[in-house]
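If you want the building blocks of each chain, they are given just below.
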Amino acid sequence: MTTVIYMVRHGESPKEGNERTRGLTEIGKLDAYRITESLKGEEIEVFVSSPYKRAVETIRDLAEHVGKKVIEMEDLRERVFVSGEKRISDEELIPLLEKSFADPSFALTRAESNAACQNRAIAVLKDILSIHKGKKIAIATHGAIMTLMMGYYDSRYDLGFLLHITKPDIYKMEFNGHELLSIKKVWQKIKPINHY
């Protein structure tokens, strides 16, 4: 019996603000609508999300379209890069990611390593696969934790992959029990038209 997971990376969110409460920008909201249009024919039955607002908002309309609620799971939150809830800049994040993927046990004080993040996320993913066996499930998530979950099953999903995925992005993972059968990209980001 095949279980299908749609990993949905959240849409664009403001660059400033609290990690937990930042929602979507206007572009992010438009992309959330596009995700709904793209996936509403897939017969997804279960909707699970990181508790962070931008992730929930990315799949909420899709869930409501089929009369479901989004189940928020704390252990699907993004990797904790620094202590507190403040977003760090991309300039600070890139070197931190490079160190973290070179050494999965590396973490700043009162933060989380790739290994720790992957362990908590995979525990949740395995529970989801057991509880919802044979169903289609959408998981609204974040770039780093999504990469770590996918990388647990296939080492090609690494730092290079993380640095090239879009906001949002969707990957379809098919499982037989807990065994990964395939991963396929199913989202094509529509680039806005430039007006000169």
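## A few points about the sheet that holds strand β3 (residues 71-72)
With mixed pairing, the six strands of this open sheet are ordered in space as β3-β2-β4-β1-β5-β6. In this open sheet, the two strands that pair with only one neighbour each are β3 and β6 (179-185). Where strand β1 (residues 2-9) lies against strand β5 (residues 169-176), eight bridges are found, and the strand directions are antiparallel. Across the sheet, the residue bridging to Met7 is Tyr171, located in β5. With respect to the sheet, helix α2 (residues 53-65) is in contact with β1, β2 (46-49), β3 and β4 (136-141), its orientation differing from that of β2 by roughly 170 degrees. Sitting on the sheet, helix α4 (residues 114-131) touches β1, β2, β4 and β5, and the angle it makes with β1 is about 140 degrees.

## As for helix α5 (residues 143-153)
With respect to burial, α5 is a largely interior element, eight of its eleven residues being buried. Residues of α5 that are buried: Gly143, Ala144, Ile145, Met146, Thr147, Leu148, Met149 and Met150.

## With respect to the environment of Glu91
Turning to its location among the elements, Glu91 is positioned in helix α3 (residues 90-102). Between the C-alpha atoms of Glu91 and Glu64, which are 27 residues apart in sequence, the distance is 37 Å.

## Thoughts on unusual backbone geometry
Following Lys167, the chain continues into Pro168 via a peptide bond in cis, with omega recorded as -5 degrees. Along the chain, Pro168 falls in the loop between α6 (159-164) and β5. Within the chain, Glu43 stands out as a residue other than glycine whose phi angle is a positive 60 degrees. Glu43 sits in the exposed class, given a relative accessible area of 61%.

## Regarding the layout of surface pockets
If you add up the space inside the largest pocket, you get close to 890 Å³. Forming the walls of the largest pocket are 43 residues, and the residues nearest its centre are Arg9, His10, Arg87, Asp90 and Lys167. Listing elements by their share of the lining of the largest pocket, those giving two or more residues are α1 (26-39), α3, α5 and α6. Taken together, the residues of the lining of the largest pocket break down into 17 nonpolar, seven polar and 19 charged. Reported here for the second largest pocket is a volume of approximately 180 Å³. The wall of the second largest pocket is formed by 13 residues, among which Phe101, Gln118, Leu148, Gly151 and Tyr157 lie closest to the centre. When contributions to the lining of the second largest pocket are tallied by element, the ones reaching two or more residues are α3, α4 and α5. A breakdown of the residues in the lining of the second largest pocket according to their chemical character gives six nonpolar, six polar and one charged.

Rules behind the numbers
- Residues numbered from 1 in each chain as written.
- Predicted model: local features only at pLDDT ≥ 70, side-chain atom pairs only at ≥ 80, totals over all residues.
- Heavy atoms only, no water.
- Pairing = 2+ DSSP bridges.
- Helix = DSSP H or I, 4+ residues; strand = E, 2+ residues; numbered from the N terminus.
- Contact = heavy atoms within 4.5 Å.
- Axes fitted to C-alpha atoms, helices over the stretch in contact; angles between N-to-C directions.
- Buried < 20%, exposed > 50% of the residue type's maximum accessible area, 1.4 Å probe, protein only.
- 1 Å grid on protein atoms, 1.4 Å probe; cavity = no way out; pocket = protein on both sides within 12 Å on 5 of 7 lines; lining within 4 Å.
- Points joined across faces, edges and corners; volume = space filled by probe spheres on them.
- Nonpolar A, V, L, I, M, F, W, Y, C, P; charged D, E, K, R; others polar.

Spatial relationships are all this shows, so hold off on functional conclusions.
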